[in-house]
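Analysis of the macromolecular model
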There are 2 protein chains.
Amino acid sequence: MEAKTILKEHVSKIAALSDTEFDYFFSHFKPETFKKGQTIITEGQDVDKEYFVLSGCLKTFFVNDEVKMYILQFAMPTWWASDYAALYNKTKATISVDCVSDVELLSLSNNDREKICRELHQAEHFFRWRTNKGYVATQKRLLSFMNNDTKTRYEELLALYPALYNIVPKHLIAAYLGVSRETLSRLYNASK
Amino acid sequence: MEAKTILKEHVSKIAALSDTEFDYFFSHFKPETFKKGQTIITEGQDVDKEYFVLSGCLKTFFVNDEVKMYILQFAMPTWWASDYAALYNKTKATISVDCVSDVELLSLSNNDREKICRELHQAEHFFRWRTNKGYVATQKRLLSFMNNDTKTRYEELLALYPALYNIVPKHLIAAYLGVSRETLSRLYNASK
DNA sequence: TTACGAATGTGATCTACATCACGTAACCAA
DNA sequence: TTGGTTACGTGATGTAGATCACATTCGTAA
């Protein structure tokens, strides 16, 4: 399916934009493709874009001083990804984004997002909705982190991303769950 | 300070509303006061409002099957609180909100928020900004949960809410950190 | 096809924190 | 003031998961 159609279907669920308005909205997005393993946002550098996933899978992650990686999100088609803290506050990235598989994206600069939000009330409405959805999802995940043990969180992850298990290496799943790869391996093999 | 002034100062940092527009915006808010210990949102019930804190302190929290409580947020003056998942999806509350101290609030119904967002582009802009701020803060907290040990998170909490330590009982601080009150007690007394 | 690095499995140990159990101190309400 | 509830401190013990160490398998590039 064409990039424009995918984005239109996604946005029109929430925002009532005329065809002309959507064309204008869409004109601010730029198609980009990356290969598996390529880095899109690097920790410590400037961030000026966010990304809408058309195909493939991104991961957004944080690496601490001991070089341990924690995955905040796997971004699948029609999901959005960036380091939003850095993007909005114009600070250096603390979060990185790279490609779990080959990907097709649409990129949108921070300036252009703010511009179309000013110019089109419905665009502002759409982005309010989108951020709200992310907020609620993150809060739910935080709660799950506090309340559930690793096994429960593992099952939740598979429910949330059923395709994921076959797509990504297990150490990435461990990094999403916040446990060591050894623990995940034992967990997985014990329940067979 | 008057409720209207407090909200106006808060909103005008982000949204350019004329005095007339702000009066209209404000007319959808309803002042409410509660005593320490009173419950504002109860798990399992309907949610139709969100709350802006004028004075005092709220907590939003989740209680699991084993009656263990986890605090998602302490809401201080000019902060907002609700069960946003329930509010937006019109589902029953899974999160409760109650009063850590006597509080003065402004309440806003879900319908009225959506109404003023439709009617005033700048209101929509404000709520997009507000939700984004919450999203970024929650993501940061999630990361801290994955990456930092209890002691570090304890220090982060005191940096985020310097006043809190003297205001709330320690078992609530433990519930925010996601550790037992015994562990927090030992942690605190060891570092003296 | 070979070969080398990456991904995975599995045992042995270590540790932060939970849980249980109990005692003391603080805070109200009658 | 007294009795009862809630907050807080601290020891003893249990456990999930981290860490280290090594073996095995897989994937990809030469």
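Placed above this text is the structure.
Here's what I pulled together on the structure shown here. (Residues numbered from 1 in each chain as written. Chains lettered and ligands numbered in written order. Predicted model: local features only at pLDDT ≥ 70, side-chain atom pairs only at ≥ 80, totals over all residues. Heavy atoms only, no water.)

If you check the shell around DNA strand C, you find 17 residues, and the closest are Lys170 and Arg186 of chain A together with Thr150, Ser180 and Thr183 of chain B. When the atoms of DNA strand C within 4 Å of the protein are grouped by moiety, sugar and phosphate amount to 57% of the total. Ser185 of chain A places a polar side-chain atom, nitrogen or oxygen, 3.1 Å from a phosphate oxygen of DNA strand C. Glu182 of chain B has a polar side-chain atom sitting 3.3 Å from a base nitrogen of DNA strand C. The set of elements that each furnish at least two residues to the surface near DNA strand C consists of helix H8 (170–177) and helix H9 (181–190) of chain A together with helix H9 (181–190) of chain B. (Near = heavy atom within 4 Å. Polar contact = N/O pair within 3.5 Å; in protein donor to acceptor, adjacent residues only side chain to side chain. Helix = DSSP H or I, 4+ residues; strand = E, 2+ residues; numbered from the N terminus.)

Around DNA strand D there are 17 residues in total, and Thr150 and Thr183 of chain A together with Lys170, Arg181 and Arg186 of chain B lie nearest to it. What you see for DNA strand D is that sugar and phosphate hold 54% of its atoms within 4 Å of the protein. At a separation of 3.2 Å, a base nitrogen of DNA strand D approaches a polar side-chain atom of Glu182 of chain A. In the environment of DNA strand D, a phosphate oxygen lies 2.5 Å from a nitrogen or oxygen atom belonging to the side chain of Thr183 of chain A. Where the surface near DNA strand D is concerned, the elements lending two or more residues are H9 of chain A together with helix H8 (170–177) and H9 of chain B. Here the surface near DNA strand D gets 5 residues from one element, more than from any other, and that element is H9 of chain B.

Further remarks concern the nonpolar core. Counting 78 residues, the largest nonpolar core has Leu7, Phe25 and Leu58 of chain A together with Leu7, Phe25 and Leu58 of chain B as its most contacted members. When residues no more than four places from it in sequence are discounted, the contact partners of Phe25 of chain A are Leu7, Val11, Leu17, Ile116, Leu120, Ala123 and Phe127 of chain A. Phe61, Phe74, Tyr176 and Leu177 of chain A belong to the second largest nonpolar core, which has 21 residues in total. (Core = buried A, V, L, I, M, F, W, Y, C linked by side-chain atoms within 4.5 Å. Buried < 20%, exposed > 50% of the residue type's maximum accessible area, 1.4 Å probe, protein only. Contact = heavy atoms within 4.5 Å.)

Attention now goes to the sheet that holds strand S1 (residues 30–34) of chain A. Residues and elements named next belong to chain A. Reading across from one edge, S1-S8-S3-S6 is the order of the 4 strands in this open sheet, with antiparallel pairing throughout. Among the strands making up the open sheet, the edge pair consists of S1 and strand S6 (80–81). Contacting strand S3 (49–55), S6 and strand S8 (103–109), helix H1 (residues 3–12) crosses the sheet at an angle of about 105° to S3. (Pairing = 2+ DSSP bridges. Axes fitted to C-alpha atoms, helices over the stretch in contact; angles between N-to-C directions.)

As a further point, take the packing of aromatic side chains. Taken as a whole, this structure holds 36 aromatic pairs over all chains when the rule is applied. Pairing Tyr84 of chain B with Tyr88 of chain B gives two aromatic rings, centres 6.3 Å apart and planes at 40°, and the pair type is tilted. With Tyr84 of chain B and Tyr88 of chain B both in helix H3 (residues 84–89) and 4 residues apart, this pair spans about one turn of that helix. With relative accessibility at 22%, the residue Tyr88 of chain B sits in the partly exposed group. Among the aromatic side chains, those forming a connected cluster through ring pairs are Phe22, Phe25, Phe26, Phe29, Phe52, Trp80, Phe126, Phe127 and Trp129 of chain A. Looking at Arg130 of chain A, its charged tip hangs above the ring of Trp80 of chain A, at a distance of 4.9 Å from the centre. (Phe/Tyr/Trp six-rings, centres within 6.5 Å; stacked < 30°, edge-to-face > 60°. Lys NZ or Arg CZ within 6 Å of the ring centre and 35° of its normal.)

The next subject is the pattern of salt bridges. Enumeration over the complete set of coordinates arrives at 27 salt bridges over all chains. Note that Glu50 of chain A and Arg130 of chain A form a salt bridge whose closest N and O atoms lie 2.5 Å from each other. Here Glu50 of chain A is found in strand S3, whereas its partner Arg130 of chain A is found in helix H5 (residues 121–147), with 80 residues between them in sequence. In this structure, the salt-bridge partner of Lys92 of chain B is Asp46 of chain B, at a minimum N-O distance of 3.1 Å. Note that Lys92 of chain B is positioned in the loop between H3 and strand S7 (96–99) and Asp46 of chain B in the loop between strand S2 (39–41) and strand S3 (49–55), a separation of 46 residues in sequence. Relative accessible area serves as the criterion here: at 59%, Asp46 of chain B is assigned to the exposed category. (Salt bridge = Lys/Arg side-chain N within 4 Å of Asp/Glu carboxyl O.)

This brings us to the sheet that holds strand S1 (residues 30–34) of chain B. Residues and elements named next belong to chain B. Sheet architecture is open: 4 strands sit in the order S1-S8-S3-S6, paired in antiparallel fashion. In this open sheet, the two edge strands, each paired with only one partner strand, are S1 and strand S6 (80–81). Bridge count for S3 against strand S8 (residues 103–109) is 6 bridges, and the pairing is antiparallel. Directly across from Ser55, in S8, lies its bridge partner Glu104.

A few words on the environment of Thr33 of chain B. All names here are of chain B. Within the secondary structure layout, Thr33 lies in strand S1. Of the residues examined, Thr33 reaches a relative accessible area of 60% and is grouped as exposed. Sequence separation between Thr33 and Val103 is 70 residues; the distance between their C-alpha atoms is 5.7 Å. Setting aside anything within four residues of it in sequence, one finds Thr33 in contact with Val103 and Glu104.

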